[in-house]
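The primary structure of each chain is shown beneath.
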Amino acid sequence: VNQWLSGEGYVLTSVTQANMFDEGKLVLQIQEPLVSKSKPVEIVFLRRGNSSLPFVESFGNKGKTRETTIVRALDLKAGQPFKVDLDGLRGIHRSNLFDYVGIVGGKQAKEEKAASLVLALAEKKSTVFEPGITKGLFDSQWAGEISFEERNLFGRNYLL
C-alpha cells in the first residue's frame, strides 16, 4: 500500500496501522501530512564528489534554484494533503539543469502540523564562457571571439 501511495505522488504518506476484522474487513490507518504553508520544499544542494561518493553536500548549501520554482513544478499547495505531481518531478529531471534530483524525505515544519519535502539537487554548470581565436582561410587574418551563455538565469531556468 505504501508503494502504491508513493507511486501516486503521496511520497510522505504512510500506513501506520492495519486491523483485520472477522467479517474480512481490513481497516488501514494512514498518516497523511499537509503541505507546509511556510516552507513547502527544502532543497539540499549537492556538488560533484569523487569516484566513491559521486555527490556530496555543497558547502554552505548554496545553489541557484529557488524553492518557489520547485514548488510550482511539483504543484504543491499549502495546507493541502502532500501530493507531488509526478509529471512535474519528471519535468525537473528532463529540464537538463541537474545532474541529480532525488527525494530525501519529509521534514516536520516548525510550529505547524505540516511537512516540507526535502529534495536533493545537484545543479549542472549553468554558465559557459568560451574564448576562441581563428585564422582566416583566405587572408590569414587572426580574429578573436568569445561566447557566453547562462542556462539558469536567476535560478528560474531562463536562458541568456
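No experiment lies behind these values; they were computed from the predicted model shown.

A. Spotlight on a nonpolar patch on the surface. Residues Val1, Met20, Leu26, Leu28 and Ile30 make up a contiguous nonpolar surface patch of about 490 Å² in total accessible area. The greatest single-element share of the nonpolar patch, amounting to three residues, is contributed by strand E2 (residues 26-31).

B. Seen up close, the packing of helix H2 (residues 67-74) against helix H3 (residues 86-94). Contact geometry of H2 with H3 gives a least axis separation of 7 Å together with a crossing angle of 130 degrees. As the angle between them shows, H2 and H3 are arranged oblique. Between H2 and H3, the contacting residues are Ile70, Ala73 and Leu74 on the first element and Gly88, Leu89 and Ile92 on the second. The class makeup of the residues in the contact of H2 with H3 is five nonpolar, one polar and no charged.

C. Structural view of the nonpolar core. Counting residues in each nonpolar core, the largest one holds 20 residues, and the members touching the most others are Ile70, Leu74, Leu76, Phe82, Val101 and Leu121. Broken down by secondary-structure element, the contributors of at least two residues to this core are strand E3 (41-48), H2, H3, strand E5 (98-108) and strand E6 (115-123). For this core, the element with the most residues is E6, which contributes four residues. Residues in contact with Ile70, not counting those within four places in the same chain, are Val41, Ile43, Thr65, Ile92, Leu119 and Leu121. Counting five residues, the second largest nonpolar core, distinct from the first, contains Leu46, Val118, Ala120 and Ala122.

D. H3, seen in detail. Within the sequence span of H3, burial applies to Gly88, Leu89 and Ile92. With its buried residues spanning 100 degrees around the axis, H3 presents them on a single face. Within H3, the exposed residues directed more than 90 degrees away from the buried face are Asp87 and Arg94. Along its buried surface, H3 packs onto H2 and E5. Between a side-chain oxygen at the N-terminus of H3 and the backbone nitrogen of Asp87 the separation is 3.1 Å; the capping residue is Asp85. Once H3 ends, the next one or two residues include Asn96, with phi positive near 65 degrees.

E. Expanded view of the sheet that holds E5. Within the open sheet, the four strands sit side by side as E4-E3-E6-E5. Their pairing is mixed. The open sheet has two free edges, formed respectively by strand E4 (55-57) and E5, since each of these has just one partner strand. Taking each pair of neighbouring strands and ignoring which way they run, the sheet shows an average axis angle of 30 degrees. The sheet contact formed by E3 and E4 spans three bridges and is antiparallel. When the sheet's bridge partners are listed, Leu46 is paired in E4 with Glu57. Strand contacts of H2: E3 and E6, with the helix running at about 110 degrees to E3, the strand carrying the most contacts.

About the cut-offs
- Residues numbered from 1 in each chain as written.
- Predicted model: local features only at pLDDT ≥ 70, side-chain atom pairs only at ≥ 80, totals over all residues.
- Heavy atoms only, no water.
- Patch = residues over 30% accessible without salt bridge, like charges linked within 9 Å, V, L, I, M, F, W, Y side chains within 5 Å.
- Areas by Shrake-Rupley, 256 points an atom, 1.4 Å probe, with all protein chains shown as cover.
- Salt bridge = Lys/Arg side-chain N within 4 Å of Asp/Glu carboxyl O.
- Helix = DSSP H or I, 4+ residues; strand = E, 2+ residues; numbered from the N terminus.
- Axes fitted to C-alpha atoms, helices over the stretch in contact; angles between N-to-C directions.
- Parallel < 35°, antiparallel > 145°, perpendicular 65-115°, else oblique.
- Contact = heavy atoms within 4.5 Å.
- Nonpolar A, V, L, I, M, F, W, Y, C, P; charged D, E, K, R; others polar.
- Core = buried A, V, L, I, M, F, W, Y, C linked by side-chain atoms within 4.5 Å.
- Buried < 20%, exposed > 50% of the residue type's maximum accessible area, 1.4 Å probe, protein only.
- Arc of directions from axis to C-beta.
- Polar contact = N/O pair within 3.5 Å; in protein donor to acceptor, adjacent residues only side chain to side chain.
- Pairing = 2+ DSSP bridges.

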